[in-house]
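The lines below spell out each chain.
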Amino acid sequence: MSTAQRVPETFELTGDDARETLLRTGRGTLLRDAFLRLRFSDGFSHARSLAFALTLVVVQGTIALVGLASAIGAGGSRRSIVRILHDTVPGPAGNLLVDAVDQARRAGASQQYLGLSLGLVGALVTAATAMGQIERGLNRLYGVERDRPTVAKYAHATVLAATAGALAVVAFVALALGSGVRELTGSSFVAHVWAVARWPLAVAATAASVALLFERAPRRHQPAWSWLAYGSGVAVALWLVFTALLGVFFSASSAFGQTYGPLAGIVALQLWAFLSACALLYGGALAAQLEAVRAGEAEPQDEEKVEGSEPDREASPLVGTARDGARS
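Rules used throughout
Residues numbered from 1 in each chain as written. Predicted model: local features only at pLDDT ≥ 70, side-chain atom pairs only at ≥ 80, totals over all residues. Heavy atoms only, no water. Helix = DSSP H or I, 4+ residues; strand = E, 2+ residues; numbered from the N terminus. Contact = heavy atoms within 4.5 Å. Phe/Tyr/Trp six-rings, centres within 6.5 Å; stacked < 30°, edge-to-face > 60°. Expected span 1.5 Å × (residues − 1). Buried < 20%, exposed > 50% of the residue type's maximum accessible area, 1.4 Å probe, protein only. Arc of directions from axis to C-beta. Salt bridge = Lys/Arg side-chain N within 4 Å of Asp/Glu carboxyl O.

By secondary structure assignment, the location of Trp225 is in the loop between α9 (188-216) and α10 (226-252). Spatially, the C-alpha atoms of Trp225 and Ala18 are 9.6 Å apart, while their sequence positions differ by 207 residues. Aside from chain neighbours lying at most four places away, what touches Trp225 is Ala211, Leu212 and Glu215.

In structure tokens form, the structure reads like this:
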């Protein structure tokens, strides 16, 4: 049960500034209270559910990209996809996705549009499911106990999958078009410029995708984007840090692969997805807590919900009897 304090809507307020509010509150205080808000909203349970959906999205999206490359006859694109998977998805998780790429390529050799059609349908369905879970997690962070009605929720989630998801694809493509730019343009200068520019472009596209989710996913009127920018930036930064640390761990440790054997790729992908989901929801908790401070409701937990969740001994005499019996 979520006991997070409900955040009043502040979209109509003017005359204050997100940066001034952040500095006045203190980054340390905000980071701590946001973590408490994440805990009180049962955020880690939502992160586990979101991680499962994200795993399916990544696998289905990879298959769809390989199917598209096979359908248009772009064999070199598969090599770019494999390279970017090794660069962005840590350790055994990247190897698992590379295996999915090879399987999709073999399927495309016999049935040209099979991987594309199944991958696209699967990616859209699982992405809409993930967006629905993101709505639920963000709603609880803001103290909103009810999501949108089912039809409206997943129609809205499908739109988010096509918009915020498209920005994520832009980030992926920006990274995937690494050395292939030289082959496309025939210019080593353009290739060198792109080798540097593609990273900030990918990060910017990822940050825009996260900010769009924070702005559109919750069932409430959100404030201006400036109030969501800090949480969005922290979410992207945490995701990069988690990805890098997992990559270092998997590279430095052979015990992980020896322990999990053929399941190492699945476990690694789930671990990476879970940490990515935690980064996203913690960024959402920061945005929610910053707005709570703006509204004058800085306490992250609703004490009335906490008191209401405790058993009422006068209303339930059996509770007292059971406790007395346990003590005796």
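So that's the structure; there's more coming.
All told, the structure shown has 3 aromatic pairs when counted by the stated rule. Ring geometry for Phe249 and Phe250: centres 5.5 Å apart, planes at 55°, overall tilted.

Positive phi, normally seen in glycine, also occurs at Asp42, with a value near 60°. Inspection of the secondary structure puts Asp42 in the loop between α2 (27-40) and α3 (43-71).

Here we take up α2. Counted at 1.5 Å a residue, the expected span for α2 with its 14 residues is 20 Å, and the 20 Å between its end C-alpha atoms agrees. Of the residues making up α2, those classed as buried are Leu30, Asp33, Ala34, Arg37, Leu38 and Phe40. Down the axis of α2, the smallest arc covering the buried residues is 165°, so these residues share one side. Backbone geometry just downstream of α2 places Asp42 in the positive-phi region, at approximately 60°.

With that settled, the discussion passes to the pattern of salt bridges. The full count for this structure, using the stated rule, is 8 salt bridges. A salt bridge links Asp147 to Arg140; its shortest N-O distance comes to 2.9 Å. According to the relative accessible area criterion, Asp147 is buried, its value standing at 11%. Residue classification places Arg140 among the buried positions, given a relative accessible area of 11%. Among the charged side chains, a network of salt bridges with common partners joins Arg136, Arg140, Asp147 and Lys153.

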